[in-house]
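# Structure at a glance
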Amino acid sequence: MATVARSIQPDESGTVYHVRAGAEGTVIDVDGFNLFYGKKQALFDITFSVPRGLVCALIGPSGCGKSTLLRCLNRMNDLIDDVTINGDMRIEGHDLYGPGVDVIALRKRMGMVFQKPNPFPMSIFENVVYPLRIDGVRDRNVLEETCERALKGAALWDEAKDRLKESALGLSGGQQQRLCIARAIAADPEVLLMDEPCSALDPIATSKIEELIDELKGRYTIIIVTHNMQQAARVSDNTAFMYLGRLIEFGETEILFTAPKVTKTLDYVTGRFG
């Protein structure tokens, strides 16, 4: 895939872009997005697009707004009091915050995986098919087919196929996180949002999740928040560097890590701060 130089000079917000494009255009488009907690502004004029089928990493020091931005994409920040936003966020050209948007339907289009595995206290099978259950699906064949498809998609089928009736809480931490990924893709989303999915895992489990991300790429567009710059370099096609609520640089991962265009990015990726 070609590297598309959207801009190598700062735009009005000060962000520099050098983006690796997807073959089929973009899925997520963010334009001039701002977020406030009360009177305190947390995100400032964020503008970027996420190409279809690629992996986009959000990096930056703690408190820079990475997770806040990620949670805006499936409107989880709606649950926090006194949050206001302005600007645009779109999926497939449709406004995420437009009047009449069905937030539940929106969240089905964006599977979410959190920092710590959060399996439900029920069987492995019921964990995976839970999104279908709440939609009223009762056809056993559909549920079984979906469970197998999702577990295979999450590279967990071989380990779990003989344990489907057992509690999900009996799985290892890495297996539980892959189960949560299976649950996320069971609803057949377009986008997978991952908020530091390996932060609670050991190196072996982390390696398996990274391999899984590589396998899922193409079938899903993936946006991953990570504090681990080496992980971002390994798994992502594009990387967004954020600092103090602002998007500083957004570009092809290899370029951003080896030849960033902004001094602040260089300082961060070389460990001078963070």
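Above this text is the structure in question.
The present account deals with the structure reproduced in this document. (Residues numbered from 1 in each chain as written. Predicted model: local features only at pLDDT ≥ 70, side-chain atom pairs only at ≥ 80, totals over all residues. Heavy atoms only, no water.)

## Focus on the overall build of the protein
Within the protein, the regular secondary structure consists of 10 helices and 12 strands. In terms of overall dimensions, the protein is globule-like: its C-alpha atoms have a radius of gyration of 19 Å, near the 19 Å expected for 274 residues. The dimensions of the protein, computed from C-alpha atoms along their principal axes, are 55 × 45 × 35 Å. Sequence separation of at least 24 residues holds for 67% of the intrachain contacts in the protein that already meet a minimum separation of 6. Accessible surface for the protein amounts to roughly 12,500 Å². Of this, 50% is attributable to carbon and sulfur atoms. Side-chain charges of the protein comprise 31 positive and 37 negative groups, with the mean position of each set lying 3 Å from the other. (Helix = DSSP H or I, 4+ residues; strand = E, 2+ residues; numbered from the N terminus. Rg over C-alpha atoms; globule rule 2.2 N^0.38 Å. Contact = heavy atoms within 4.5 Å. Areas by Shrake-Rupley, 256 points an atom, 1.4 Å probe, with all protein chains shown as cover. Lys, Arg positive; Asp, Glu negative; His and termini not counted. Charge placed at Lys NZ, Arg CZ, Asp CG, Glu CD.)

## Some points on the packing of aromatic side chains
Tallied over the entire structure, the rule returns six aromatic pairs. Residues Tyr-243 and Phe-273 carry aromatic rings whose centres are separated by 5.4 Å and whose planes lie at 75° to one another, so their mutual orientation is edge-to-face. In this pair, Tyr-243 is assigned in strand E11 (residues 238-243) and Phe-273 in the segment after helix H10 (263-269), connecting sequence segments 30 residues apart. Take Tyr-243: its relative accessible area is 23%, and that puts it in the partly exposed class. (Phe/Tyr/Trp six-rings, centres within 6.5 Å; stacked < 30°, edge-to-face > 60°. Buried < 20%, exposed > 50% of the residue type's maximum accessible area, 1.4 Å probe, protein only.)

## Looking at the pattern of salt bridges
Overall, the coordinates contain 16 salt bridges when judged by the stated rule. One salt bridge in this structure joins Arg-75 and Asp-78, with 2.7 Å as the shortest N-O distance. With a relative accessible area of 12%, Arg-75 lands in the buried category. Between Glu-126 and Arg-133 there is a salt bridge, with its nearest N and O atoms 2.7 Å apart. A single network of salt bridges, built from pairs that share partners, joins Arg-20, Lys-217 and Asp-237. (Salt bridge = Lys/Arg side-chain N within 4 Å of Asp/Glu carboxyl O.)

## Thoughts on helix H1 (residues 66-73)
Residue pairs spaced three or four apart in an α-helix point in one direction, given the helix's 3.6 residues per turn. Summarising burial for H1: six of the eight residues are buried, a large majority. Taken as a whole, H1 has its buried residues at Lys-66, Thr-68, Leu-69, Leu-70, Cys-72 and Leu-73. Within two residues after H1, Arg-75 carries a phi angle of roughly 60°, on the positive side.

## Looking at the environment of Glu-148
One can find Glu-148 in helix H4 (residues 140-153). Through-space distance from the C-alpha of Glu-148 to that of Leu-216 is 16 Å; in sequence the pair is 68 residues apart. Side chain to side chain, Glu-148 and Lys-152 meet in a polar contact 2.7 Å long. (Polar contact = N/O pair within 3.5 Å; in protein donor to acceptor, adjacent residues only side chain to side chain.)

## A word on the environment of Arg-107
Here Arg-107 lies in helix H2 (residues 103-109). It is 8.8 Å that separates the C-alpha atoms of Arg-107 and Leu-73, two residues lying 34 residues apart in sequence. Residues contacting Arg-107, with those up to four places away along its chain left out, are Asn-74, Arg-75 and Met-76. Only 2.9 Å separates the side chain of Arg-107 from the backbone oxygen of Asn-74, close enough to count as a polar contact.

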